[in-house]
Amino acid sequence: SGGGITFTGGEPLVWGTFLEEYIPRYCHDFSVDLETSLDAPWQRVEGLIPLVNQWCVDFKMADPEKHREFTGSTNERILENLERLSRCVPGERVLITWPVIPGYNDTDENVAAMVETLTRLGLKRIELHPYRKVAEAKQRKTGKKPVEVPELTSARRQQLEQRLRGRGDTSEEQITMRLARSQWELEQSKKYDHIVINDQVDTCAEEILNIIAKKAD
């Protein structure tokens, strides 16, 4: 394929001006993906439109007030930027990543609202991502009580899939391919004794070395 480069975060749009200079200088031979929540001034999004091949947009909640309740901030700017992006970029270049958090954003009301929003914007590429509990270990280490989130049951997951299929604008093959990835991730996450989050290189390396050291004892 020639390879590719993905800019993720945190929020890479924080460094939008830097990316506008970096991508054309160093990434011109590669396909460029950007993983973002779109929670940034539109100017930072607009400047990257000619430079990004695929936009991977994290989309959790349709209702602005519910979004504020669960995250601490409204999603009005996210929704506005998503609508603008859908007008500027072909739908096949936008991938919606939907983290399914049982008890929070998997309600019938939110699912219906999100499907309506994405259908209205003509965005057909969706991936359901299982909620990961890898942060619990960090919360315990720092003396914080982990947030209790129920497991995503196979029955509930099936309901979500049916709602997506009910849109009627995506082939069964496409839906199967998109959902297969999230199902595989969900199954694989249970097979590991240790999960290391690569958010800070030094911390990540230290955790890996500690794991190796304990195995060697």
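The structure under discussion appears in the preceding block.
What this report covers is the structure whose coordinates are included nearby. (Residues numbered from 1 in each chain as written. Predicted model: local features only at pLDDT ≥ 70, side-chain atom pairs only at ≥ 80, totals over all residues. Heavy atoms only, no water.)

So, on to the sheet that holds strand β2 (residues 31-36). In spatial order, the strands read β1-β2-β3-β4-β5; together these five strands make up an open sheet with parallel pairing. Edge positions in the sheet fall to β1 (4-7) and β5 (126-130), since each of these pairs with one other strand and no more. Averaged over all neighbouring strand pairs, the angle between strand axes comes to 20 degrees, with direction disregarded. As paired strands, strand β4 (residues 94-100) and β5 are joined by five bridges and run parallel to one another. Bridge pairing in β5 places Pro 99 opposite His 129. (Pairing = 2+ DSSP bridges. Helix = DSSP H or I, 4+ residues; strand = E, 2+ residues; numbered from the N terminus. Axes fitted to C-alpha atoms, helices over the stretch in contact; angles between N-to-C directions.)

What follows deals with the pairing of β5. Of all five residues that make up β5, five are buried, and the element is covered over most of its length. Every second residue of β5 is oriented toward a common face, with Ile 126, Leu 128 and Pro 130 on one face and Glu 127 and His 129 on the other, all of them buried. The handedness of the β4 to β5 crossover, carried by helix α5 (residues 108-120), is right-handed. (Buried < 20%, exposed > 50% of the residue type's maximum accessible area, 1.4 Å probe, protein only. Right-handed = clockwise from strand over helix to strand, strands pointing away.)

Attention now goes to the nonpolar core. Core analysis: the largest hydrophobic core is formed by 33 residues, its most contacted members being Trp 55, Leu 85 and Ile 96. The set of elements that each furnish at least two residues to this core consists of α1 (16-26), β2, α2 (42-46), β3 (54-58), α4 (76-88), β4, α5 and β5. If near-sequence neighbours (up to four positions away) are discounted, Ile 96 is found in contact with Val 57, Phe 59, Leu 82, Leu 118, Leu 123, Arg 125, Ile 126 and Glu 127. (Core = buried A, V, L, I, M, F, W, Y, C linked by side-chain atoms within 4.5 Å. Contact = heavy atoms within 4.5 Å.)

Turning to the side chain of Glu 127, a few remarks are in order. Take Glu 127: it is sitting in strand β5. Among the polar contacts listed, one links the side chain of Glu 127 to the side chain of His 129, at a separation of 3.0 Å. (Polar contact = N/O pair within 3.5 Å; in protein donor to acceptor, adjacent residues only side chain to side chain.)

So yeah, pure geometry; function would need other evidence.
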